[in-house]
Amino acid sequence: MQQNVEVAVVGAGMFGSAAAKYLSRAGADVMVIGSGKPDGEGRGGGGLAQFGAHHDEARIVRRMGWDPFWAAVDSRSAGRLRGIEAASGITCYHECGALALMAGSIRPRTQAMLSASKADGVTVHLISDADLRREFPALGVPPLADGVDGLLEREGAGYLNPRRLVEAQLALTTASGGRILRGAVTGIRRDEAAGLWRLQVTGGDGRHRVGAEKVLVAAGALLNQSGALPPGHTLDLRAFTEPNLLYEVDAGRLGPLRDLPTVVTVDPEDAGNANLSHYLLPPVRYPDGKWYVRIGPGMQPVVRELRTQRETHAWYAGQRVTPEQGALLARMMRLMVPGLAPVSVREACCVVDKTPTRYPYIGHLDADRTLAVAVGGNGHGARGSDEIGRLASALVLGRPWDFPLPQETFAPMAAPSDQADRGTRPDYLKPPFGLC
Ligand SMILES: Cc1cc2nc3c(=O)[nH]c(=O)nc-3n(C[C@H](O)[C@H](O)[C@H](O)COP(=O)(O)OP(=O)(O)OC[C@H]3O[C@@H](n4cnc5c(N)ncnc54)[C@H](O)[C@@H]3O)c2cc1C
């Protein structure tokens, strides 16, 4: 079946669903193309295009930022979450506060974050090691270089449910007249004669052909691998394993764990796998009805790059972290929640993407400005996804760029021609960068 639309959005994930909402609200004839729910943590029978970073129950929301771009998108998006819930009737946001444990050795950086937060109107409390132990008795304080400074956002922070936020954004898209086509884009090419992009879509109910005047590709970490881009386009976007351990906690024994905020630890020491950067989610109820405390790493060397479709598929389909990843996360958990007595521990495998700029790519790939991308959450794109989607929609519609940083900052970069020789990891692929 052939359908023609004004804008096709490839990828019904966090950026794509947000962009589609803004496009349809602006009156564009928009179709979002993406797969529905894979089973479990990203497993399923289909190809790579079904895997996404939004198939989970919790992503950290904070407004205090490591840099001006992320602070602005995170803050703007967090401020809209309650409105999205109200408009869609879908709840997706839990405010439990967000704590960043900063190494004492980067105190000037910590002070700069405090000042920037103050200037942005975000209330952040500086908390000493002793006060942290008093306020969160279940929490251990890790031995970071020169001690630990706690930055606590008590209000307007916590975690969002990415599955439900995507559901809400898609509901708001269709409420404004947008359409959703379930399936994966398996081919995309330019038809100059017709002035259209031709997309081939393979879905649960067969094959579809879509003609689109404009295309926004928001296909996440696997964009280079999943067939979402036309031939000849490969972005400088690298995909990495994101191993997690989920500690099941007896619902009747949640106790002080219930009062935990989300936590990230910022350890700047280049100490390989001994680096203590990581993130921790407080107990969250998963679809199996059980409560899990979840822990993930911060780009230590055990976080491996996924270079081929085969490696990526095996990682997702297997849902097994490596022994080294498991050992690192278990050690972190012992440090962070020393008294935790889990009923069981399970593994979960997802993927994060990294750009050399540490910012998303929000820009066009062609001179005619009909093919755009919004990709590159860099491991923490969920909380800022609404604003990133809004910026992408403005770009597609040719509206003026209304963001404090210039549009060129987000220009997509092509992958270097020699993919094989990548040498040692540059700083942007080391802790603590990209930490949730
Ligand atoms: C374990 C983990 C923990 C994280 N924690 C946090 C956190 O605490 N806070 C935070 O802000 N962020 C966090 N993130 C990052 C955040 O989830 C991502 O940055 C965000 O989901 C990126 O949005 P996206 O739209 O680029 O990609 P995704 O949300 O992955 O969406 C991409 C979509 O495109 C689809 N797709 C791919 N190829 C095709 C194709 N060919 N055709 C059609 N569809 C296609 C995929 O199926 C998917 O639905 C975490 C990520 C992981 C993996």
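Higher on the page you've got the structure.
Here is what the cut-offs are and how they apply
- Along each chain, numbering runs from 1 in the same order as the chain's sequence is written.
- At least 70 in pLDDT is required for a residue's local features to be given in this predicted model, at least 80 for side-chain atom pairs to be given and counted, and no such filter applies to totals for whole chains, interfaces and linings, which use all residues.
- Side-chain descriptors were evaluated using all non-hydrogen atoms of the structure, hydrogens and water having been removed beforehand.
- Put simply, DSSP H or I for four residues or longer makes a helix, DSSP E for two residues or longer makes a strand, and each gets a number counted from the N terminus.
- Note that the radius of gyration is over C-alpha atoms, with the globule rule given as 2.2 Å times the number of residues to the power 0.38.
- Burial here depends on accessible area, computed with a 1.4 Å probe over protein chains only, as a share of the maximum for the residue type. Under 20% is buried, over 50% is exposed, and the range in between is partly exposed.
- The contact criterion used throughout is that any non-hydrogen atoms of two residues lie within 4.5 Å.
- Note on areas: Shrake-Rupley with a 1.4 Å probe; residue coverage comes only from the protein chains shown.
- In this tally Asp and Glu are treated as negative and Lys and Arg as positive; neither His nor the chain ends contributes.
- By convention, the charge on Lys lies at NZ, on Arg at CZ, on Asp at CG and on Glu at CD.
- Here a strand pair is declared whenever DSSP counts at least two bridges between the two strands.
- The nearness test applies per residue and asks whether one of its heavy atoms lies within 4 Å of the molecule or strand.
- In protein, a polar contact requires one atom able to donate a hydrogen and another able to accept it; more generally it is a pair of N or O atoms within 3.5 Å, and residues adjacent in sequence count only if both atoms are side-chain atoms.
- Each residue is assigned to one of three groups, with Ala, Val, Leu, Ile, Met, Phe, Trp, Tyr, Cys and Pro labelled nonpolar, Asp, Glu, Lys and Arg labelled charged, and all others, Gly among them, labelled polar.
- In summary, the pairing rule links any two rings of Phe, Tyr or Trp, Trp by its six-membered ring, whose centres are within 6.5 Å, and it sorts them by plane angle into stacked for under 30 degrees, edge-to-face for over 60 and tilted for everything else.
- Placement of a charge over a ring requires the Lys NZ or Arg CZ to be within 6 Å of the ring centre, with the centre-to-atom vector within 35 degrees of the ring normal.

**Some points on the overall build of the protein**
Line of reasoning, step 1. Scanning the protein from N- to C-terminus turns up 9 helices and 20 strands.
Line of reasoning, step 2. Over its C-alpha trace the protein gives a radius of gyration of 21 Å, about what one expects of a compact globule, namely 22 Å for 436 residues.
Line of reasoning, step 3. For the protein, the spread of C-alpha atoms along the three principal axes comes to 70 × 45 × 45 Å.
Line of reasoning, step 4. Burial status across the protein gives 59% buried among its 436 residues.
Line of reasoning, step 5. At a minimum sequence separation of 6, the contacts of the protein that also span at least 24 residues come to 76%.
Line of reasoning, step 6. Surface exposure of the protein reaches about 17100 Å², of which carbon and sulfur atoms provide 51%.
Line of reasoning, step 7. Each charge class in the protein can be summarised by its mean position, and for the 48 positive and 46 negative side chains these summaries are 3 Å apart.

**Here we look at the sheet that holds strand β4 (residues 93-94)**
Line of reasoning, step 1. An order of β3-β8-β4 is seen for the 3 strands of this open sheet, with the pairing classed as antiparallel. Two strands close off the open sheet at either side, each with one partner strand: β3 (59-61) and β4.
Line of reasoning, step 2. Two elements, β4 and strand β8 (residues 158-160), share 2 bridges in a ladder whose sense is antiparallel. Bridging across to β8, His94 finds its partner in Tyr159.

**Concerning the site of the ligand**
Line of reasoning, step 1. The immediate surroundings of the ligand are formed by 38 residues, with Ala49, Ala53, His54, Ile60 and Ser226 found nearest.
Line of reasoning, step 2. In this structure, an oxygen atom belonging to the ligand sits 3.3 Å away from a main-chain N or O atom of Met14.
Line of reasoning, step 3. Contacts to the ligand include His380, whose backbone N or O atom sits 3.1 Å from an oxygen atom.
Line of reasoning, step 4. Computed on the free molecule, the ligand has an accessible area of 1000 Å², of which 98% lies beneath the protein chains in the complex.
Line of reasoning, step 5. Per-element accounting of the shell around the ligand gives the leading share, 3 residues, to strand β18 (residues 344-354).
Line of reasoning, step 6. Taken together, the residues of the shell around the ligand break down into 20 nonpolar, 15 polar and 3 charged.

**Focus: the environment of Asp67**
Line of reasoning, step 1. Here Asp67 lies in the loop between β3 and α2 (68-78).
Line of reasoning, step 2. Put simply, Asp67 and Met113 are 46 residues apart on the chain and 8.1 Å apart in space, counted from C-alpha to C-alpha.
Line of reasoning, step 3. For Asp67, the side chain forms a polar contact with the main-chain nitrogen of Trp70, separated by 2.9 Å.

**Focus: the packing of aromatic side chains**
Line of reasoning, step 1. Enumeration over the complete set of coordinates arrives at 9 aromatic pairs.
Line of reasoning, step 2. Centre to centre, the rings of Phe69 and Trp70 are 4.9 Å apart; their planes meet at 75°, and the pair counts as edge-to-face. With respect to burial, Phe69 and Trp70 carry one shared label: buried.
Line of reasoning, step 3. Ring centres of Phe403 and Phe410 lie 6.3 Å apart, and the angle between their planes is 80°; this geometry places the pair in the edge-to-face category.
Line of reasoning, step 4. Since its relative accessible area comes to 9%, Phe403 is described here as buried.
Line of reasoning, step 5. By way of ring pairs, the aromatic residues Phe69, Trp70, Tyr359, Trp401, Phe403 and Phe410 are connected into one cluster.
Line of reasoning, step 6. One cation-aromatic arrangement involves Arg258 over Trp291; the distance from NZ or CZ to the ring centre is 5.3 Å.
Line of reasoning, step 7. Sitting over the face of the ring of Tyr292, Arg346 holds its NZ or CZ atom 4.8 Å from the ring centroid.

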